[in-house]
Amino acid sequence: MNVNLLDLKAQNGALEPELQEAFMRVLRSGHFILGPEVDRFERALAEFTGAKHALGVSSGTDAILVALMALGVGPGDEVLCPSFTFFATAGCVARVGATPVFVDSCPVCFNLDLRDAARRMTPRTKAIIPVHLFGQAAEMEGVLGLARHHGLRVIEDAAQAMGATYHGKQVGTLGDFGTISFFPTKNLGALGDAGALLTNDTALFERAKILRMHGMDPKYYHQVVGGNFRLDALQAAMLSVKLPHFNGYTAARRRNAALYTERLAQLADVEVARAEDCGCATSGAGEPNARIILPVAYPANGHIWNQYTLRVTGAGRRDAMRAYLTSRGIGSEIYYPLPLHEQACFASLGYKPEDFPWAHRLAGEVISLPIYPEIPAEQIEQVCAVIADFLRA
Ligand SMILES: *Cc1c(COP(=O)(O)O)cnc(C)c1O
């Protein structure tokens, strides 16, 4: 039987009557952009995350863009962000005219290496964007300490990590802004593009809200140049149906991750990454000497497992494993095959592949397995059996 990387129909199908009802409510209201549905979802999201304010926007990418605009980041400014992340993190920095300054990643938690971030600081550094990659919090105490010490603004890219916690606090609520994506494959998926900003700072919230609608305040009078970053009422209504189920989705993802780890760790040459090897804030990463290294959730973190991403070591081995999985009908994905410092669009920044050794190496080693909440346990067993076959082959 084939195992799909994702099955969005399973989750939305289970809620079909409620989603239909919400759709009809919006259809009959005739109110399609912002309005009461968006207000209601923003209140529910603020309550869920513990943020003082939540602002619904058009996508997770636009959330980052609006955050940068609200913080006044622009030409001449440098913004620290990981090289090993989705493009949007750095793309938004470039779009406001600032310069992304890349930072290497930790091979254990996959998040930005704080010692490297400290090294790349200059008098022009204006902000830092930690990304909570794959659903696990970055080392925020270190990020916030660095930011305080150098007067930097902090935007948490929590696109993959809504609901994840760091020492009991929700990610996205620790910096100046947190940004969330409701892209259909994220842990809370809309039925199209959608995103949100979180902040505890009322002045920043007001600024972001004005920027969301062309910098207009009052109507047709523009104090600043903003854009159309509005959230559709329809997406807000769909998200309001799904939000009450979010903790159930997270519990299922955690069960799935635990099952993968339990089964795969039994195989010869497979080891779980060691939290104590995390190089982000401490002395540096050690390395298990294994062919496959499994992901680990740190004790202080509530991991929400947007991805279950393992490392396959040895030249060409990851690609060989992916081809093997594909040949046996098993879906997988590479998040991400080329780090941002090696992307053609950033060539003018003058980085060399080896400038970020871990980002470069991780791009060749990582592979993400199917972990969506509704995947049957037997399918996870099947994936693990195929990986066992691959290691024997
Ligand atoms: C998905 C994602 C985004 C962008 O979100 P969209 O809603 O697709 O615009 C930004 N950053 C990271 C890390 C992401 O995974």
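All values reported here derive from a predicted model rather than from experimental measurement.

A few points about the packing of aromatic side chains
And then number 1: Taken as a whole and judged by the stated rule, the model has 14 aromatic pairs.
And then number 2: With a centroid separation of 6.4 Å and 80° between ring planes, the pair formed by phenylalanine 84 and phenylalanine 134 is classed as edge-to-face. One end of the pair, phenylalanine 84, is in the loop between strand S2 (78-82) and helix H5 (88-95); the other, phenylalanine 134, is in the loop between strand S4 (125-128) and helix H7 (140-150), with 50 residues separating them in the sequence. Each member of the pair phenylalanine 84 and phenylalanine 134 is classed as buried.
And then number 3: Of the aromatic side chains, those joined through ring pairs into one cluster are Phe87, Phe102, Phe346, Tyr351 and Phe356.

Examining the sheet that holds strand S7 (residues 169-170)
Remark on secondary structure: sheet strands pair via backbone hydrogen bonds, oriented parallel or antiparallel.
And then number 1: As summarised here, the arrangement of the three strands in space is S7-S6-S12, forming an open sheet in which the pairing is antiparallel. Both edges of this open sheet fall to S7 and strand S12 (301-302), since each of them pairs with a single strand only.
And then number 2: Pairing of strand S6 (residues 165-166) with S12, which is carried by two bridges, proceeds in the antiparallel orientation. Its bridge partner being in S12, tyrosine 166 is matched across the sheet by asparagine 301.

Topic: the packing of helix H10 (residues 246-265) against helix H13 (residues 377-392)
Between two packed helices, the angle of one axis relative to the other and the distance separating the axes together describe the packing.
And then number 1: Following both chains from N to C, one finds H10 and H13 inclined at 30°, their axes separated by 10 Å at the closest point. Regarding H10 and H13, the two cross each other, and that crossing is right-handed. Here Asn256, Leu259, Tyr260, Arg263 and Leu264 of H10 lie close against H13, whose contacting residues are Ala377, Ile380, Glu381, Val383, Cys384 and Ile387.

Here we look at the layout of surface pockets
And then number 1: Size it by volume and the largest pocket reaches roughly 400 Å³.
And then number 2: Looking at the largest pocket, it is lined by 24 residues, and the ones nearest its centre are Phe86, Ser181, Phe183, Lys186 and Tyr336.
And then number 3: Listed by contribution, the elements that provide at least two residues to the lining of the largest pocket are helix H4 (60-70) and H5.
And then number 4: Take the lining of the largest pocket: its biggest share by element is three residues, from H4.
And then number 5: Classifying every residue of the lining of the largest pocket gives 11 nonpolar, 10 polar and three charged.
And then number 6: Counting the residues that make up the lining of the largest pocket, at least three belong to each of domain 1 (8-245) and domain 2 (246-392).
And then number 7: Of the volumes computed, that of the second largest pocket is approximately 210 Å³.
And then number 8: Lining of the second largest pocket is provided by Leu34, Val38, Asp39, Glu42, Glu206, Lys209, Ile210, Arg212, Met213, Met216 and Asp217.
And then number 9: Elements with a minimum of two residues in the lining of the second largest pocket: helix H3 (36-49) and helix H8 (202-212).

Details of the domain arrangement of the protein chain
And then number 1: Domains assigned within the protein chain are domain 1 (8-245) and domain 2 (246-392).
And then number 2: With centres defined by C-alpha atoms, the gap from domain 1 to domain 2 works out at 25 Å.
And then number 3: Facing 55 residues of domain 1, the contacting portion of domain 2 comprises 49 residues.
And then number 4: Between domain 1 and domain 2, the buried area comes to about 4200 Å², and carbon and sulfur atoms account for 62% of it.

Topic: empty space enclosed by the protein
Which parts of space are left empty comes out when a probe the size of a water molecule is rolled across the atoms.
And then number 1: Under the counting rule described, the total for this entry stands at four cavities of 30 Å³ or more.
And then number 2: Taken as a whole, the largest cavity encloses approximately 100 Å³ of empty space.
And then number 3: Taken together, 13 residues make up the lining of the largest cavity; nearest its centre are Leu8, Gln11, Pro184, Arg253 and Pro373.
And then number 4: Here the lining of the largest cavity gathers at least three residues from each of two domains, domain 1 (8-245) and domain 2 (246-392).
And then number 5: Volume-wise, the second largest cavity comes out at about 70 Å³.

What about the site of the ligand?
And then number 1: Lining the immediate environment of the ligand, one finds 17 residues, of which Gly60, Thr61, Gln160, Ser181 and Lys186 sit closest.
And then number 2: In the model, an oxygen atom of the ligand is placed 2.8 Å from a nitrogen or oxygen of the glutamine 160 side chain.
And then number 3: Here lysine 186 contributes a side-chain N or O atom positioned 3.0 Å from an oxygen atom of the ligand.
And then number 4: Calculation on the ligand without its partners gives an accessible area of 380 Å², and the protein chains cover 92% of this total.
And then number 5: The cavity that encloses the ligand is the largest pocket.
And then number 6: At the level of elements, H4 and H5 are the ones that each hand at least two residues to the shell around the ligand.
And then number 7: Here the shell around the ligand gets three residues from one element, more than from any other, and that element is H4.
And then number 8: For the shell around the ligand, a count of residues per class yields eight nonpolar, seven polar and two charged.

Rules used in this analysis
Residues numbered from 1 in each chain as written. Predicted model: local features only at pLDDT ≥ 70, side-chain atom pairs only at ≥ 80, totals over all residues. Heavy atoms only, no water. Phe/Tyr/Trp six-rings, centres within 6.5 Å; stacked < 30°, edge-to-face > 60°. Helix = DSSP H or I, 4+ residues; strand = E, 2+ residues; numbered from the N terminus. Buried < 20%, exposed > 50% of the residue type's maximum accessible area, 1.4 Å probe, protein only. Pairing = 2+ DSSP bridges. Axes fitted to C-alpha atoms, helices over the stretch in contact; angles between N-to-C directions. Left-handed = near helix turned anticlockwise from the far one by under 90°. Contact = heavy atoms within 4.5 Å. 1 Å grid on protein atoms, 1.4 Å probe; cavity = no way out; pocket = protein on both sides within 12 Å on 5 of 7 lines; lining within 4 Å. Points joined across faces, edges and corners; volume = space filled by probe spheres on them. Nonpolar A, V, L, I, M, F, W, Y, C, P; charged D, E, K, R; others polar. Domains from an automatic or database assignment. Buried area = accessible area lost by both parts, 1.4 Å probe. Near = heavy atom within 4 Å. Polar contact = N/O pair within 3.5 Å; in protein donor to acceptor, adjacent residues only side chain to side chain. Areas by Shrake-Rupley, 256 points an atom, 1.4 Å probe, with all protein chains shown as cover. Sits in = over half its atoms within 2 Å of the grid points.

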